[in-house]
Amino acid sequence: MKMLKMRQTRATAVLVLAGVLAVTAGCSGSNNNGAGNSNVAATSNTQGEAANADAGKQDLKPVTFSFFGADASPNWNKMQDEVGKVITEKTGVTIKAEYAVSGGATDKISLMAASGQYPDMVFAKGDVDKLVDAGALIDLTDLIDKYAPNLKKVYGKYMQRLKYSKEDTSIYVLPSNDSIDQTYFDAGGGFELQQRVLKELGYPQIRTLEDYENALKTYYAKHPTTDGKPTIPLTLDTDDWRIMITGTNPAFLATGLPDDGEYYINPDTYEASFHIRRPEEKEYFRWLNKMFNEGLLDKEAFVQKSDQYKSKIASGRVLGLIDQEWGYGDAENAIKSKDEGAYTYGHFPVTISADVKDHSFAPTGFMAGYGIAITKDCKDPVRAIQFLDWMASDEGQVLRNWGIEGKQYNVENGIRVIPADIQKQKIEDNTNFTKNTGIGLYFVFGPHYGDGVKDPSGSYYTTNFPDQIVAGYTNAEKETLKAYGATTWKDLFPKETEFKERPYGAAWNIPAPSDSDYNVIFKKAEDIIWKKIPEAVLAKPADFDKVYDSMLKQLDDVNLGKIEKIYTQAVKDRVEQWSAK
Amino acid sequence: MELVKALTEKHPAAGPDGAALAASSGPARFWKVMKSQKYLYFMSMPFVIWVFVFSYMPLWGWTMAFQDFKAGKTFGEQKWVGFKHFQELFTDERFYLVLRNTLAMSLMGLIVGFVVPILFAVLLNEVKGRLFKRTVQTISYLPHFVSWVVVAGIVTKMLSTDSGAVNNLLMWLHITDEPIQFMAKGNWFWSIVTASDLWKELGWSAIIYLAAIAGIDPELYEASRVDGANRLRQMWHITLPGIRTTISVLLIMSIGHLISIGFEKQFLLGNNLVKDYSEVLDLYALNYGLSLARFSFGTAIGIFNSVVSIFLLFLANGVLKKVTKESIM
């Protein structure tokens, strides 16, 4: 009886005060100091890097660091993979990692901040502001100066970009999400069409929404079913945040803007405004509305969950997508081998009209911002920074990207090459390959050069370079590309050199201003857009304007102008900070 | 254990040594009772500690609702703001929308999820074939052990317009020519949630009633049969009154839980199109509280939740006490 009352209170109190209760959230790893095997690493200390003077003196006593990563890493193998074992041997460090399950780690990071218990290292992506506000991260400036020659070398001219903000010039984060001096060799975005569609239509020009629509329409009319099931001309994945990737981002891409998150940044005045408010984008959604009403857009485009979306793609029934390859890649893999790859997708720089240029490759320079940070709970920040420094060394980067010489790659004529059987395994059984070798699992642990950068030996740092990319294409893809006179999909897109680098990088990775109203208004605006865009697209053509305008009206009502002003200031501060010398 | 303790605390005279203790009074009596029942007290201690740690200690966190809580600062450094967060909460239109959704879905859940299991239990009780009865019972409560993530997947697949089972059936029966977009219509959402909840919990909720029915004296049935009562009469006059106490207790508890219905179902089944119908209080607290690091605001929602729950619990208890003489307090 009393029990009942207590349980009542408990149920509600526990739920809401989860923040207080979740004291175990941070979960600092235990320091399993097995003092026994420290000599192994010490004797085999052949740190090749001559430049790395400090590394020789590095303490190699085994140490365990706990880590939280905001991106899912389903193949994480607790460092029992081959690369992981070498890392532990060379640095003495074992990482005890925990990863977000999928999508965002916002809640988890909020809980960390509320409980005040942090792992030793954290990769917080866009939520780093919450940790900085809570005073959870330590300033790395001096540590880098003292212990990290490799970090200094790799970041080089971008050191200025590591500083947190104009007011707070501490370095909290070692950017490791983006690669340094990356050259993109392939395109993974734009508008997608299946190879079989292109082949049958004789490789027509796909440049505008109209071209794209015609291709879908013509092919769909001829082939209303695929393997006995209805063909789906075009579908989207708008499950939670994915609505940005396949729903709202294509609106600015198709109307000739680079990716600045939810904002359109005026290139001259740096004035920020929600991109969705631009009249051009209304026309993009009007087109989607038309597609829906003509039966070309999947009825379930705005209802289905990601797994339904992927299962449709894996069945080969979907002719066209508006997505990024990382969003549907695993589904495409399932059908890659069928008919030489006829059901895989090609990428096209489709825009609203021929005079609008796709800005997918508008250069940003090195994107600092998202990266790995060391928290105040870290037992030994010096060892942690030395570990990250080693990871950034040439030896560390090659290990992370290529694996172990003689196992995952060989050196022929002084150049690293991947043996054919390994390459095959890597493409066909990527999950097990990743789990066993650990290649790709240590991406965020320290900075890395991008594709196209060569090390002193003349080999590329990464395993993505033109020959390797073309080798990964299916026959159908090669055929399509040949027909368009291109070697990679990227050749179809406007080149980097056609654009001017934005002095603020890209607006999506400017930390959210810590104004309490900012987050609330932003969230409200997001709610409105995520709800109204589907409504507008699914409306009858005659009602489209009404629904769309009511969205614009609602956005005005939540005082969007206020946060646009705040953000304008943030962009201006960023420009000032990054251009300072 | 709790029960014994509570009983003996309230009515010491009813305790095992009641007669001997009735004469003494005040603290002396308390200590005497305590001494004579030390083993009972001892055995209940772990539970008291458990309840204290998990139910009462977190209440300290309620202070957050009256501060502009910033993570990383000590308690002394927080800024006190009084009822600011409550004002913000009660002036937000969205709050009333989610409150409506919460109450609508829990009321629907309460009515359906309360009446149907009772009916199911009573009917199942009438089944004479033992094997059949057991089989039905087992099958019906199995879904209880399936996680909501999986159930949501099944429901969305079943209701899909892309060869979903329900739409296929409706079209085959010529009830509709076009597949119905169940998941895209806000006004369907509450029913879908209620129905899937019923499917998942029906068998499980029925177990307790079946147990209560099993406890009814068979002689009552025999006697009624002699009096010429048919099966329906027996159900009405013996089975249902026999489980009245159980029904009342569970009803009071369900009413107490009205506002805290969790968010898994709504979170997993909802989508952007039906958001105005799917967002419930807990989801609102998550989206506008925790996710935005507005811990104080989230706590304010939590307090509102608790206060309403306690109020509803007492209300239900009071009303039922008056009407049926059954109560849990």
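Scoring rules and cut-offs
- Residues numbered from 1 in each chain as written.
- Chains lettered and ligands numbered in written order.
- Predicted model: local features only at pLDDT ≥ 70, side-chain atom pairs only at ≥ 80, totals over all residues.
- Heavy atoms only, no water.
- Domains from an automatic or database assignment.
- Contact = heavy atoms within 4.5 Å.
- Buried area = accessible area lost by both parts, 1.4 Å probe.
- Salt bridge = Lys/Arg side-chain N within 4 Å of Asp/Glu carboxyl O.
- Polar contact = N/O pair within 3.5 Å; in protein donor to acceptor, adjacent residues only side chain to side chain.
- Nonpolar A, V, L, I, M, F, W, Y, C, P; charged D, E, K, R; others polar.
- pLDDT = per-residue confidence, 0-100.
- Phe/Tyr/Trp six-rings, centres within 6.5 Å; stacked < 30°, edge-to-face > 60°.
- Helix = DSSP H or I, 4+ residues; strand = E, 2+ residues; numbered from the N terminus.
- Buried < 20%, exposed > 50% of the residue type's maximum accessible area, 1.4 Å probe, protein only.
- Lys NZ or Arg CZ within 6 Å of the ring centre and 35° of its normal.
- Pairing = 2+ DSSP bridges.
- Axes fitted to C-alpha atoms, helices over the stretch in contact; angles between N-to-C directions.

Draft legend 1. Region of interest: the domain arrangement of chain A. All names here are of chain A. Each domain of chain A was delimited in the assignment, giving domain 1 (23-182 + 367-437) and domain 2 (191-360 + 473-579). Distance between the C-alpha centres of domain 1 and domain 2: 33 Å. Contacts between the two partners involve 14 residues from domain 1, matched on the other side by 13 residues from domain 2. Counting each side, the surface lost to burial between domain 1 and domain 2 is near 1,300 Å², with a carbon and sulfur contribution of 53%. If you sort the residues of domain 1 by the area they bury against domain 2, Arg161, Lys166 and Met367 come out on top, with a joint share of 43%. Our count for the contact surface shared by domain 1 and domain 2 stands at 3 salt bridges. The shortest N-O distance in the salt bridge between Glu576 and Lys166 comes to 3.7 Å. Counting across the domain 1 and domain 2 interface gives 4 residue pairs in polar contact (both at pLDDT 80 or more). Tallied by class, the residues present in the side of domain 1 that touches domain 2 amount to 4 nonpolar, 4 polar and 6 charged.

Draft legend 2. Examining the confidence of the model for chain A more closely. Averaged over chain A, the pLDDT score is 87; the fraction of residues at 70 or greater is 89%. Here residues 1-56 of chain A scores under 50 on pLDDT; set against residues more than four positions off or in separate chains, the count is 96 contacts.

Draft legend 3. Layout of the packing of aromatic side chains. In the structure shown here, the tally under the stated rule is 57 aromatic pairs over all chains. Note on Tyr158(A) and Phe366(A): the rings are 5.4 Å apart at their centroids and 45 degrees apart in plane angle, and the pair reads as tilted. Within this pair, whereas Tyr158(A) is found in the loop between helix H9 (149-155) and strand E4 (173-175), its partner Phe366(A) is found in the loop between strand E12 (345-348) and strand E13 (371-374), the two being separated by 208 residues in sequence. An identical accessibility class is assigned to Tyr158(A) and Phe366(A); each is buried. Measuring from ring centre to ring centre gives 4.8 Å for Tyr460(A) and Phe465(A), while their planes differ by 20 degrees; the resulting arrangement is stacked. Among the residues examined, Phe465(A) registers a relative accessible area of 12% and is labelled buried. Through a chain of ring-to-ring contacts, three or more aromatic side chains come together here, namely Phe191(A), Tyr212(A), Tyr284(A), Phe285(A), Trp287(A), Phe544(A) and Tyr548(A). The lysine or arginine in question, Arg278(A), covers the ring of Tyr264(A), its NZ or CZ lying 5.6 Å from the ring centre. Here Arg294(B) stacks its cationic end above the ring of Phe297(B), 4.1 Å away from the centre of that ring.

Draft legend 4. The arrangement of the sheet that holds strand E8 (residues 232-235) of chain A in detail. Residue and element names in this part refer to chain A. Here we have 4 strands laid out as an open sheet, ordered E8-E11-E5-E12, and mixed in their pairing. A single partner strand is all that each edge strand has here, and the edge strands are E8 and E12. The mean angle between the axes of side-by-side strands here comes to 25 degrees, regardless of whether they run parallel or antiparallel. Inspection of the sheet shows strand E5 (residues 191-194) paired to strand E11 (residues 318-321) by 2 bridges, in the antiparallel sense. What sits directly across from Glu192, in E11, is Leu321. Along the sheet face, helix H14 (residues 306-314) touches E8, E11 and E12 and points at about 125 degrees away from the line of E11.

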